[in-house]
Each structure stands twice: as C-alpha cells, then as structure tokens.
Amino acid sequence: MSSLRSSTVMSRPQKKKEKRRSPPTMSRQVVAVLEREVVVMDKQVAGAMRRGGGLVVIAICHGSFLGVASSCSKSNVNPVVVAVPVLSNAAREFLEAHNKARAQVGVAPLKWSDHIANATRRFVRYQRIRKGCQFSKLAGSKYGANQAWGSGKPVTPSRAVDIWVQQKKYYNHAHNSCAPKHECGTYTQVVWRKSMELGCAQAFCVESGDTLTICFYNPPGNYAGESPY
C-alpha cells in the first residue's frame, strides 16, 4: 500500500500597510528628451577626444523633471574630470610593437612618456639638421637607447622595432649571451624588465631619403652581467 504525505506552511496574517504615494515616474516624452541629451553629450565628448584634448570636463547635476527640485546651482555642480590619454598614431605603434615583444617573454608592458619623447625628438631633430640623419653617438645619455637607420623610403615605427627584435634569434637567455659574431643588445633593451617608460622619435631626410629612428628607455637597460628578464 502506498503512502502519501503532504505539508504546507501556515502563513501569518499580513498587516495592512499604509498607502504611500509612489514617487513620480518619468513619462515617455521626458525619457526621450533625456536620451537625446545623452546622445548630444556623447558626441561632444567624442569630438573633444578627436581634437586631441587631454581632459574632458563634464558637469553633472539633477534636473527638475516632474516636480523634482533641481540641484543645478553654482554651489553644488560638481564637475567630473575624465583624463583621456591621447597618443599619436606613431607613439601607439612604437608602444604596441615593444609590448608585443615583451609579452612574448613575460615582461610587463612599457608606458609612453611624453617627457622622454620630447627629449628624443630634440635629439633626432639635431641629427637631421646637423648630421643629415646619420647614426648618433648615444653614449653618455641618462636613458637607455636604441636607434635604427633606413634608406630609400620612410621606415615605419613598427618596422624599426622589428629590426631591433630580429636580434632575438642571436640571444641565448640560458647563458645571457649573444651568438658569436652577432649582436643582440637592441633586442635585450626592448625587453629589459626594469625599463618602464618609453619615448621615441623619427627624422626623415628628404635629400638622402634616409630615416633615423631613436627610442629612449627609462630606467636604462643592458647592464653588463645582468639578465634582461
């Protein structure tokens, strides 16, 4: 013989609650107005970013829709400052090429430094005006440095970094040494773990068709006897 059992939960009587006025809800017309305002704000912010602005300032305050008191006054409007880092295409290309090589060996990415880039730009300009885009003597700089030279057509930032990274095949990490009769110092500087900041610049000499590329690194790398990573 089968046995069936059932159970239930006895609920307590509910207390009557006082009716409270619900907060006013926004009508469809008001929502549509707000949506249009957001679209306009998005376009203004995007325009500022395209123009290369470093900071976008947005003032946010409550409105006065449907009887809700407005909080937009001189004393309580709090601007929200949004930092928008803007890199040039060349800077982004230099940075991505470096960090791709560093990621392959588990090294943290570099950060772009406008201060270092300005120092590199002045140095490259001097080489273009005074030396005709010839290789520079980089010894004595407080930064680590790589340079590349190309002739015939302009060398892109990523191509310059690729030239340095190609020396990877000559580097023996187990022995921290380069293959005989080969160099690998430009590669080890690219992936030097203690280097944290990067700044690069290029110069193109019209008469000779040469391109000089120089990157500075802070702190510098390539210390004798020390492994890059």
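Within an unreviewed UniProt entry, the label attached to the protein reads SCP domain-containing protein, and the organism entered is Acer saccharum.

## Describing the confidence of the model for the protein
Overall, the predicted model of the protein reaches an average pLDDT of 75, with 63% of residues at or above 70. The low-confidence segment residues 1-27 (pLDDT under 50) makes seven contacts with residues lying over four places distant or belonging to another chain. For the stretch residues 30-84, pLDDT sits under 50, and the model shows 52 contacts to residues farther than four places along the chain or on other chains.

## Remarks on unusual backbone geometry
With the exception of glycine, most residues fall at negative phi, and the peptide bonds are largely trans. Geometrically, the link from Asn218 to Pro219 is a cis peptide bond, its omega value of -10° lying close to zero. Within the secondary structure, Pro219 sits in the segment after β8 (210-218). Phi is positive for Cys133, close to 65°, though the residue is something other than glycine. Position of Cys133 among the secondary structure elements: in the loop between α3 (114-131) and β4 (144-151). Residue classification places Cys133 among the buried residues on the basis of a relative accessible area of 0%. One non-glycine residue, Asn176, lies in the positive phi region at around 50°. Structurally, Asn176 is set in the loop between β5 (171-172) and β6 (177-178).

## Remarks on the pairing of β8
By the criterion of burial, β8 is predominantly enclosed, with eight of the nine residues buried. Bridging between β4 and β8 involves eight bridges; their strand directions are antiparallel. From the neighbouring strand, Ala148 faces β8, where its bridge partner is Thr213. For strand β7 (residues 197-205) and β8, the ladder comprises nine bridges, and the chain directions are antiparallel. Within β8, the residue paired with Glu197 across the bridge is Asn218. Between β7 and the antiparallel strand that follows it, β8, lie four residues; Gly209 among them carries a positive phi value of about 75°.

Criteria and thresholds
Residues numbered from 1 in each chain as written. Predicted model: local features only at pLDDT ≥ 70, side-chain atom pairs only at ≥ 80, totals over all residues. Heavy atoms only, no water. pLDDT = per-residue confidence, 0-100. Contact = heavy atoms within 4.5 Å. Helix = DSSP H or I, 4+ residues; strand = E, 2+ residues; numbered from the N terminus. Buried < 20%, exposed > 50% of the residue type's maximum accessible area, 1.4 Å probe, protein only. Pairing = 2+ DSSP bridges.

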